Amino acid sequence: MSSEHSEPLGDYRREVKTYVLRIGRMTAAQERAYMELSPSWCIPFEHRLLNFVDVFGNTNPIVIEIGFGMGDATIAMAQANPDINYLGIEVHRPGIGKVLSEIKRLGLKNLYIIEHDALEVLEKMVGDNSVNGFHIFFPDPWPKKRHHKRRMIQRPRTNLLAQKLAPGGYLYFVTDWQEYAQFALEELTATDRLKNQYDGFAERQPWRFQTKFERKGISADRQIAELFFVKE
């Protein structure tokens with residue numbers, strides 16, 4: 001990469017968060033699952049690189065989902081693809097509790113969670129060229145112009161995502177906010193080593209499960225836009 005495309009996030013990341021911690025009440029079941037299961041299935045944030053073989057016990061492909069919400073689609077994909085290892089990064093604790101309860105109920109062995117800022121996790125814990133796919137489904141669109149700097153899909157953040165992808169790895173982005181979709185298309189197109197697999201917006205990938213948020217969007221007649229880029 002050129003020096004322009006490999007600039008560190010540095011203060012850009014620390015000063016501007018891509019999320020807001022929204023206070024949500026956990027159900028008793030979610031709280032119980034969080035307390036009982038997080039020691040086993042939540043990886044603590046640390047300033048050291050993860051060894052995915054140590055975490056998952058195999059060398060299967062690694063897919064990282066950034067912001068899985070309540071995790072219904074995450075759980076469905078992990079259950080449907082036992083030969084793929086999933087790492088979910090989320091800060092919404094009720095969603096984490098829900099996913100933990102489903103991991104236990106279904107006996108999943110291929111899904112772990114990190115409860116922390118995704119950008120810092122990628123910078124400090126994920127090795128370069130080590131991720132086979134990124135899923136970023138329905139992130140906060142930050143619709144007000146003064147908040148656009150908080151969007152996950154924009155440079156230099158997309159440079160970091162590309163840096164962590166293995167050659168041939170993909171970035172799959174889905175939103176129901178059309179202005180964000182166009183913005184993301186431009187930012188990803190301008191990101192070194194990422195190549196759009198479509199002429200503009202992507203077709204829905206048949207293996208992607210619908211999220212609860214997506215179903216609500218469809219019910220409200222909002223158009224779903226998808227982007228699928230691969231690292232050359």
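Residues numbered from 1 in each chain as written. Predicted model: local features only at pLDDT ≥ 70, side-chain atom pairs only at ≥ 80, totals over all residues. Heavy atoms only, no water.

### Quick word on the overall build of the protein
Helices and strands together make up the secondary structure of the protein, namely 9 helices and 7 strands. A buried classification covers 51% of the 232 residues belonging to the protein. Contacts in the protein between residues far apart in sequence, at least 24 positions, make up 81% of those at least 6 positions apart. With an accessible surface of roughly 11,400 Å², the protein has 51% of that area assigned to carbon and sulfur atoms. (Helix = DSSP H or I, 4+ residues; strand = E, 2+ residues; numbered from the N terminus. Buried < 20%, exposed > 50% of the residue type's maximum accessible area, 1.4 Å probe, protein only. Contact = heavy atoms within 4.5 Å. Areas by Shrake-Rupley, 256 points an atom, 1.4 Å probe, with all protein chains shown as cover.)

### Quick look at the confidence of the model for the protein
Looking at the protein, pLDDT values average 90 and 89% of them are 70 or higher. Counting interchain partners and residues more than four positions distant, the pLDDT-below-50 stretch residues 1-14 has 28 contacts. (pLDDT = per-residue confidence, 0-100.)

### As for the nonpolar core
Grouped together as the largest cluster of nonpolar side chains are 64 residues, with contacts concentrated most on Ile64, Ile66, Leu100, Phe134 and Ile153. Broken down by element, this core gets its largest block of residues, 6 residues, from strand E5 (residues 165-175). Excluding its chain neighbours within four sequence positions, the residues that come into contact with Ile66 are Ile89, Ala118, Leu122, Phe134, His135, Ile136, Met152 and Leu161. (Core = buried A, V, L, I, M, F, W, Y, C linked by side-chain atoms within 4.5 Å.)

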